[in-house]
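Summary of structural features
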Amino acid sequence: HVERSEFAEELKQIFSFYCSYGEERPMESMKGFMFYKFCRDCALLDESLSYERVDLLFLHHVGNSNNRKARMSYDQFIAAVMEIAQRKFPQDERFEAFVRLVTTHVLPGARRADKETPTLVSFTHPRVTEVFAKEPNRNIVRLLFYYYCRTQEGRQRSKGGEDLLSLKDISK
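Reference entry: report on the structure contained in this document. (Residues numbered from 1 in each chain as written. Predicted model: local features only at pLDDT ≥ 70, side-chain atom pairs only at ≥ 80, totals over all residues. Heavy atoms only, no water.)

**Some remarks on the overall build of the protein**
Condition: Secondary structure elements follow DSSP: runs of H or I of four or more residues count as helices, runs of E of two or more count as strands, with numbering from the N terminus. Relative accessibility under 20% of the residue-type maximum defines a buried residue, over 50% an exposed one, and the middle range a partly exposed one, all with a 1.4 Å probe and only protein chains included. By definition, residues are in contact when any of their heavy atoms lie within 4.5 Å. Method for areas: the Shrake-Rupley scheme with a 1.4 Å probe, in which residue coverage is limited to the protein chains shown.
Scanning the protein from terminus to terminus reveals eight helices and zero strands. Taken from the N to the C terminus, the helices and strands of the protein come in the order α-α-α-α-α-α-α-α. Looking at the protein as a whole, 33% of its 172 residues are labelled buried. Long-range contacts, defined as pairs at least 24 residues apart, comprise 47% of the intrachain contacts of the protein with a sequence gap of at least 6. Total accessible area on the protein is roughly 11600 Å²; 49% of this is exposed by carbon and sulfur atoms.

Here is the structure:
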């Protein structure tokens, strides 16, 4: 069973990375283009596995061929990787093909999410303070910092309620 395999933790980190790739916040499911990126990063694409085939595999495993907003769960991801393994190594038994694909393509090529969620760094961090202390950088750093600290409603306000800088403010 895949969950008990020696690769389970690494596969979860790989899945987490591709779920959140290109997203504003960490996600727990994968879009089709993320699955394609995973296949490309792992050097799985060739004459037997084209972009179109990856797209069809994704849609087959999410179970909804008409929904372009579909997202793939971890279990669906593992099932799709197992199917790719069977296509790449048809002479092998199903699990042996999976292990072979993971060891020869996935582990060497796939990117992984950090094990720990990074914490938000404030202006008191030494490197931030150093950059922030230089007058020409101050407004740009402040704008970037507050941009990533925006409220969920999308208003550009800091936690203290003050208005944030606009692009006009830093272009003076």
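**A short note on the pattern of salt bridges**
Rule in force here: By convention in these notes, a salt bridge is any Lys or Arg side-chain nitrogen within 4 Å of a carboxyl oxygen on Asp or Glu.
Per the counting criterion, the structure on display carries seven salt bridges. In this structure, the salt-bridge partner of arginine 71 is glutamate 23, at a minimum N-O distance of 3.5 Å. Of the two residues, arginine 71 is situated in the loop between helix H3 (51-62) and helix H4 (74-88) and glutamate 23 in the loop between helix H1 (8-20) and helix H2 (32-41); the sequence distance between them amounts to 48 residues. On the accessibility criterion, arginine 71 (23% relative accessible area) is partly exposed. With relative accessibility at 23%, the residue glutamate 23 sits in the partly exposed group. What you see here is one network of salt bridges that share partners, running through Glu23, Lys31 and Arg71.

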